[in-house]
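# Coordinates in review
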Amino acid sequence: MLFISNMLLWKLWYSVMNRDGHEIPNFNTLYNIIKFFAMFIIYLIVAYILLNGLIKGNSDAMDLYNNMIMIFPLSVIVLIMGIHIAVKYKIPLYTPKKRLRKILPEKAYTIMLISAIIIGMANIILVENEFYSTIISILVMALLLIYITKPLEENCVINEDININLFNKINSSLFILLLILLGLAIIPMYAFIPDEITPNEILGNFSRIIVQYMTLMLIPVLGYMYYLEKNMTKPINRLSKSLSRTINKEEDYQMLNDDLNSITVNNELKSLAGSLIEMEEDLNLYKKQLIEVTSQKERYETEMKLAHEIQDSMISKDFEKYNNGENCEIWGLMKPAREVAGDFYDFFKIDDDNIGFVIGDVSGKGITASLIMVKAMTLIQDYAIHLDDLSEVFYEVNNLLCEGNVENLFVTCWLGKINFKTKKLSYVNAGHNPPLIKQNDNFEYVHIDPGIVLAAMEDLPYETHEIQLKSGDAIVLYTDGITEANYNYKDFYGEERLKDILNKHKNEDLEKIIGSVEKDINDFCENKEQFDDTTMFAIRLK
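A brief structural summary.

What follows concerns the overall build of the protein chain. Across its full length, the protein chain holds 16 helices and twelve strands. By the burial criterion, 45% of the 542 residues in the protein chain qualify as buried. Counted over contacts in the protein chain with a minimum sequence separation of 6, partners at least 24 positions apart contribute 73%. Counting every atom, the protein chain has about 29,900 Å² of accessible surface; 58% of that belongs to carbon and sulfur.

Structure representation (structure tokens):
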């Protein structure tokens, strides 16, 4: 009988008011606490039916039941604390079989439970004959036994992993507080107990006090718990659940927004939910802006890559056409600091006896500088082919570059022309770095008045200079990205270091000479990202 009644207690947990599915006994919600008390009351009713119906008129059985009623509040408290401990420390609790073979229809089990209670109560109240009472009690036990074997639904999932939430902790502390208050109220009463009262009478009196105390406190406590759950724990749980949801698409964001808007309590949690909604809106807007910016950046990078390829294709690299000939050897290098450069070099055939070559550096960086570079390089080549005097070339190019120069950019430039028959070098300088010329044993700088940069102002005069060369003489041109190369602005590469490395490799091919300069600069800067475009051009007479 005790086995049946205790099995029934657990079975009732999984059968009473399971609107949210099946869980092991826990007190994470007020609903579960109400379910627990409902289950315990049904258990007491069934126990009374069994005790009074099966052993009708037995005073010991009735005393047992009376004791159960008297210690009911204490039993509830002990059971509640036991369930709290079991859930907290994950102590396995009884769970019924999830799937058993169904013999009867689903509704039949509920009918049997209700029938057992009604028949048992009728037996207590109406049946006086002990024989019939015993038969009816056996029937009641049979109905209860069948109900206990009722299987759960085939698709039932019992959540055995219960996390203790805020509401659980609040009601735990509340029950502990009630016990402390009860103890503080009862302990002083020991001093006023007469000596003639027996221990059983004391226990009975205390039991009645506990019953009255629990009955008096139950409804206010449940009301207070309802208030806490509605205004605090449920909104907090909804916030926690909503914020833990992964947001991958617009529907997820809308669902989160609906969840937060459903928090209607008039306290700080509503303000927090509103702040979270605003934060989500800001994040969503930021996400859209980030996607747009990323798209624009990718488009910009694609355009810059295309611009780099176009510019790179414009820089002359057909060195072998001259290196395999009888007149000269040439080589060049241009490394942009960004995708596109403001530096440039160029070499071009003027006629069968003359070759022109130029190096320049546009102030500024990026697209604007590269456009000026293309314009300057095109104009210089065009005018150098058609005008004999290089000073006139710079005069015309300077005036054209000044037109529409809204960015106020300027160009430093050095233009040279070599006649292969006379081996005479003619050149003009517009504010560019002095070249290095190897005429005897070593490279030396050729320092002259550099003149004024191109595109500074219109109608500027430029002067053409001449140097007589011979076979084996070489000229090296460079931009300030070479001599001003540095590492964290600690020191500049400098003109002397450039001259030294050129003289160290002076008898090698021009490709190796320029390559040695490039390697020396990388070593000097510890292979860090370059700050400026680096450009070099070299030509040697054969």
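Back to the text.
Turning next to a negative patch on the surface. Together, D318, E320, E508, D509 and E511 make up a negatively charged patch on the protein surface. Mapped onto the fold, D509 is located in the loop between α15 (495–504) and α16 (510–524).

Here A455, not a glycine, exhibits a phi torsion of approximately 75°, which is positive. Mapped onto the secondary structure, A455 falls in the loop between β9 (443–445) and β10 (465–468). Although it is not a glycine, D459 sits at a positive phi angle of roughly 60°.

What the rule picks out here adds up to twelve aromatic pairs. Where F347 meets F537, the ring centres are 5.9 Å apart and the plane angle is 25°; that geometry is what we call stacked. Here the residue F347 occupies a position in strand β4 (residues 343–349), and F537 occupies one in strand β12 (residues 534–541), the gap between them amounting to 190 residues. Between the aromatic rings of W414 and Y427, the centroid separation amounts to 5.1 Å while the plane-to-plane angle is 15°, which identifies the pairing as stacked. Of this pair, W414 sits in strand β6 (residues 411–419) while Y427 sits in strand β7 (residues 424–430), and the two are 13 residues apart along the sequence. For the pair formed by W414 and Y427, the shared burial category is buried. Among the aromatic residues, ring-to-ring pairing joins F319, Y322, W331, Y345, F347, F357, W414, Y427 and F537 into one connected group.

For helix α12 (residues 366–386), which comprises 21 residues, the first-to-last C-alpha distance of 31 Å matches the rise-based estimate of 30 Å (1.5 Å per residue) to within 8%. By the burial criterion, the buried members of α12 are G366, A369, S370, I372, M373, A376, M377, L379, I380 and A384.

Here the focus is the packing of α15 against α16. Helix packing geometry: the angle between the two helix axes and the distance between the axes. The geometry of α15 relative to α16 is characterised by a closest axis approach of 9 Å and an angle of 135° between their N-to-C directions. Relative to α16, α15 is oriented oblique. Remark: the crossing between α15 and α16 carries right-handed chirality. Touching R497, L498, I501 and L502 of α15 are I513, S516, V517, D520 and F524, all from α16. Here the contact of α15 with α16 is built from residues that sort into six nonpolar, one polar and two charged.

The element strand β3 (residues 328–335) is extensively covered by neighbouring structure, given that seven of its eight residues are classed as buried. Across eight bridges, β3 lies against β12 in antiparallel orientation. When the bridges of β12 are listed, I330 appears paired with I539.

A few words on the side chain of T483. By secondary structure assignment, the location of T483 is in helix α14 (residues 480–483). If sequence neighbours within four positions are ignored, T483 has contacts with N433, Y478, F492, Y493, G494, E495 and L498.

We now examine the packing of α12 against helix α13 (residues 390–402). Relative orientation of the contacting elements α12 and α13 amounts to 145°, with a least axis distance of 9 Å. Like other packed secondary-structure pairs, α12 and α13 cross with a definite hand, here right-handed. Residues K375, A376, L379, I380, Y383 and A384 of α12 form the contact with α13, whose participating residues are V393, F394, E396, V397, L400 and L401. Classifying every residue of the contact of α12 with α13 by side-chain character gives ten nonpolar, no polar and two charged.

To continue, consider the sheet that holds β4. Taken in spatial order, the five strands line up as β4-β5-β6-β7-β10 in an open sheet, and their pairing is antiparallel. Each end of this open sheet is capped by a strand with a single partner; those strands are β4 and β10. When strand polarity is set aside, the average angle formed by the axes of neighbouring strands in this sheet is 15°. The strands touched by α12 are β4, β5 (354–362) and β6; relative to β4, the strand with the most contacts, the crossing angle is about 20°.

The rules behind each value
- Residues numbered from 1 in each chain as written.
- Predicted model: local features only at pLDDT ≥ 70, side-chain atom pairs only at ≥ 80, totals over all residues.
- Heavy atoms only, no water.
- Helix = DSSP H or I, 4+ residues; strand = E, 2+ residues; numbered from the N terminus.
- Buried < 20%, exposed > 50% of the residue type's maximum accessible area, 1.4 Å probe, protein only.
- Contact = heavy atoms within 4.5 Å.
- Areas by Shrake-Rupley, 256 points an atom, 1.4 Å probe, with all protein chains shown as cover.
- Patch = residues over 30% accessible without salt bridge, like charges linked within 9 Å, V, L, I, M, F, W, Y side chains within 5 Å.
- Salt bridge = Lys/Arg side-chain N within 4 Å of Asp/Glu carboxyl O.
- Lys, Arg positive; Asp, Glu negative; His and termini not counted.
- Charge placed at Lys NZ, Arg CZ, Asp CG, Glu CD.
- Phe/Tyr/Trp six-rings, centres within 6.5 Å; stacked < 30°, edge-to-face > 60°.
- Expected span 1.5 Å × (residues − 1).
- Axes fitted to C-alpha atoms, helices over the stretch in contact; angles between N-to-C directions.
- Parallel < 35°, antiparallel > 145°, perpendicular 65-115°, else oblique.
- Left-handed = near helix turned anticlockwise from the far one by under 90°.
- Nonpolar A, V, L, I, M, F, W, Y, C, P; charged D, E, K, R; others polar.
- Pairing = 2+ DSSP bridges.

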